[in-house]
2 protein chains.
Amino acid sequence: MSLNLETPALLLHARMQQNIARMQQRLSALGVAFRPHVKTSKCLEVARRQLAAGAQGITVSTLKEAEQFFEAGISDILYAVAIVPNKLDHALRLLRADLRLTLLVESVAMAEHVARHGVQNGVCYDVLIEVDTDGHRSGIAPADPLLLDVAANLRGGARFKGVMTHAGSSYDLRTPEALAAMAEQERSRCVDAAERLRAAGHACEVVSVGSTPTALSAVHLEGVTEVRAGVYVFFDLVMAGVGVCRVGDIALSVLCTVIGHRPDQGWIITDAGWMAMSRDRGTQKQARDYGYGMVCDADCNAIAELAFDQANQEHGVLQWTGAEIDLAARYPVGSSLRIVPNHACATGAQHPFYYVLPQDGGAPRKWQRFSGW
Amino acid sequence: MSLNLETPALLLHARMQQNIARMQQRLSALGVAFRPHVKTSKCLEVARRQLAAGAQGITVSTLKEAEQFFEAGISDILYAVAIVPNKLDHALRLLRADLRLTLLVESVAMAEHVARHGVQNGVCYDVLIEVDTDGHRSGIAPADPLLLDVAANLRGGARFKGVMTHAGSSYDLRTPEALAAMAEQERSRCVDAAERLRAAGHACEVVSVGSTPTALSAVHLEGVTEVRAGVYVFFDLVMAGVGVCRVGDIALSVLCTVIGHRPDQGWIITDAGWMAMSRDRGTQKQARDYGYGMVCDADCNAIAELAFDQANQEHGVLQWTGAEIDLAARYPVGSSLRIVPNHACATGAQHPFYYVLPQDGGAPRKWQRFSGW
């Protein structure tokens, strides 16, 4: 395949559509709403396809994402990082422009602050409480008395809407059994938190759980109202290592060009360094460490003998590990390679565009992605 | 210091000006021209200050940088990554717009290709040959007969202008003696390459060397016509670990906000994750590993007891390593911290703006930076 693009370039394969369909069908069958996390794509054309497939609203990781997707017409958005005072004026502007924005808190201090900000500005913020179901990062344990204190302080300018959790430790698991158990732990603990809140008199309309591995591994989702997942839309080598996709499902790759050789070292130098791949070495702790990514030919067939071990800003160094060959003859200067990323969110974030490969093999279309806060 | 910024935000301190002055004075005293590498800042306001201090032209790592800086009026640019066919039409457009652009090659194939492209399009490209002086990445060894073959093929639509090297392995050194020795190796081997080319009848006008550590460690630069360096403009923890700056010279930091706590783990959660810091763990192999960066208070005083060990996309997890305290009382939700980066080029690349701190303590100005290819 010859694409006639300046490299490095981020390629998006049509198989994304199968990934979207797979997750939506699964969650529809489990009887829950799906609110995809768009921090992976930061791209309107991708989010539109997720919504067209049946998603209900989106999840974002920054207010910049909320703003950009709202401007493009998406009106139901959960900002899934605990809010802090310096972001509330931004949230207020979005709310006043009629975005249905849901915020997240995990402390009494911020519950009070949000409620006060709402009163002062004549609005009422919809708020979820973050629940910790696996100890991997933030949130309140379901049995912690703090949970009820936070909910009690969501009044006046704030409305308690429900609970949210993210079992991020599922990324460290490797077997279907462990993943199913983690999905059940995420579900049951989050539902427990909701029940405790309801028993204390709080209506708990939303019970939101999710991560790509647990969403694809849950056996049932009783008591859950919505699931969130992000990276499934492209998948990546980390997800293949976790076992929730095949390498062949990965929709993202970086097209690069051979710029030189060091025959004495067995090196091929390319123009995809860490700026094009990110410094994410997510597969380093997995059974198969892909370095900075899996090296493939221009048609995305893996070249097992090329290891992407070193990266500088705009140089990738690929180590030939096979039997001795004439590297410059096999992979001449100017020839194309494709690198499948460890982590789609991190590699995507390095690029301003996706070059979308049409199924008929024509010229790629350009989809914009945004960045920053 | 209270900055009233939405976080995370990339702060640029006025001490950048001292870093600029230090390098320029040093290279002027050594009697060579300085061509700063603007891949670190990707910011016009920064490059203008480097030129105002005495720099002669700039070095770029992408043609996007060449284009952006040329549009802003900088007309002498070296693109210091070996050119490949898919970028030549872009280079041609810039040349035809009257940019004094210098390209780089390291193979006969590309020398021929560039020369042919020049003839076909009625232009003549100025070209340097990349020389390898430390075995760390690309380039031709000074004694390799290939050097003369490449030069001989730069004719017709290409003009051989000189040699260029980058002793990137200087980043792995730790002592002034080893750095000075590497600077001398970089100089002498590059000058050797130039002499061999001259002996074969090629005028070799440019002898370009450089990296921040070697530029700051060279004792003399006889035979060298210009030096390149990039990261010195901001410095970072990696450079402090190499020993060519003090931590107090670092001009870049990421302002972030405490969003939560996990008292049972001794964790403070902030809104600066890997998206704000990058995944660069450049200090990992150094004597002092700073994790994802050095944690400081809002006035940039280091907090030695807080280790930035874990990062998710928009969450940083700081581990308290000191005597037991009430973390939420000492660092309440909403309070500000600053993170000094491992690698200024990588952290900078995650942000669309610098918030420039004025020396009088007024409101920060916003300087744009660009990204992509």
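In this text, all values refer to a predicted model and were calculated from it rather than measured experimentally. Within every chain, residues take consecutive numbers counted from 1 along the sequence as written. Chain letters and ligand numbers both follow the written order, the letters beginning at A and the numbers at 1. Under the rules for a predicted model, residues below a pLDDT of 70 receive no local features and side-chain atom pairs below 80 are neither given nor counted, while totals for whole chains, interfaces and linings still include all residues. The basis for every side-chain value is the complete set of heavy atoms in the structure, and neither hydrogens nor water enter the calculation.

A. Main features of the environment of Thr40 of chain B. Residue and element names in this part refer to chain B. Labels follow the DSSP assignment, with helices taken as runs of H or I lasting at least four residues and strands as runs of E lasting at least two, numbered in each case from the N terminus. Tracing the chain through its elements places Thr40 in the loop between strand 2 (33–34) and helix 2 (44–52). For Thr40, a relative accessible area of 1% translates into the label buried. Sequence separation between Thr40 and Ala349 is 309 residues; the distance between their C-alpha atoms is 8.1 Å. Any two residues having at least one pair of non-hydrogen atoms within 4.5 Å are treated as being in contact. Setting aside its immediate chain neighbours within four residues, Thr40 contacts Gly230, Val231, Val233, Phe234, Ala344, Cys345, Tyr354 and Arg369. When accessible area is computed with a 1.4 Å probe and restricted to protein chains, residues below 20% of their type maximum are described as buried, those above 50% as exposed, and intermediate ones as partly exposed.

B. Region of the structure containing the UniProt feature "domain: D-serine dehydratase-like" (unreviewed entry) in chain A. In the numbering used here, UniProt assigns the "domain: D-serine dehydratase-like" (unreviewed entry) feature to residues 251–358 of chain A. For residues 251–358 of chain A, helix accounts for 12% and strand for 39%, while the C-alpha atoms at its two ends are 12 Å apart. UniProt positions are given in the numbering used here, feature names are shortened, and annotations may be inferred rather than shown by experiment.

C. The arrangement of the sheet that holds strand 9 (residues 226–227) of chain A in detail. All names here are of chain A. A pair of strands is considered paired only if DSSP assigns at least 2 bridges between the two. As summarised here, the arrangement of the eight strands in space is 2-9-8-7-6-5-4-3, forming an open sheet in which the pairing is parallel. With partners counted over all chains shown, the strands left at the sheet margins are strand 2 (33–34) and strand 3 (58–60), one partner each. Where strand 3 and strand 4 (residues 76–79) come together, three bridges link them in parallel fashion. Looking at the pairing, Thr59 lines up with Leu78 of strand 4.

D. Layout of the relation of the copies chain A and chain B. Least-squares fitting of chain A to chain B yields an RMSD of 0.0 Å, with the transformation described by 0.0 Å of translation along the axis and a rotation of 180°. When the rotation and shift are considered jointly, the pair of chain copies conforms to a two-fold rotation axis. Within chain A, Arg279 of chain A has its C-alpha nearest the rotation axis, a separation of 2.5 Å. Both copies contact each other with a shared surface, as 100% of the interface residues of chain A are interface residues in chain B too. Here the copies were fitted onto each other by least squares, based on C-alpha atoms from residues at pLDDT of at least 70 in both.

E. Molecular detail of the interface of chain A and chain B. Chain A puts 58 residues into the contact, and the matching count from chain B is 59 residues. The quantity reported as buried area is the accessible area (1.4 Å probe) lost by two parts once they are put together, taken as the sum for both. Counting the surface lost from both chain A and chain B, the interface buries some 4,600 Å², and carbon and sulfur atoms represent 55% of this. Together, Glu6, Arg137 and Trp373 of chain A form the three largest contributors to the area buried by chain A at its contact with chain B, with a combined 17%. Note on definitions: salt bridges are taken to be side-chain nitrogens of Lys or Arg within 4 Å of carboxyl oxygens of Asp or Glu. Here chain A and chain B share six salt bridges between them. A salt bridge links Arg279 of chain A to Asp280 of chain B; the shortest N-O distance between them is 3.0 Å. Think of a polar contact as two N or O atoms within 3.5 Å of one another; within protein, one of them needs to be a possible hydrogen donor and the other a possible acceptor, and neighboring residues in sequence only count if both atoms come from side chains. At the junction of chain A and chain B, the tally comes to 26 residue pairs in polar contact (both at pLDDT 80 or more). Looking at the side of chain A that touches chain B, the elements with two or more residues in it are helix 4 (88–96), strand 10 (252–262), strand 11 (267–270), helix 10 (274–277) and helix 12 (344–348) of chain A. No other element matches the six residues that strand 10 of chain A contributes to the side of chain A that touches chain B.

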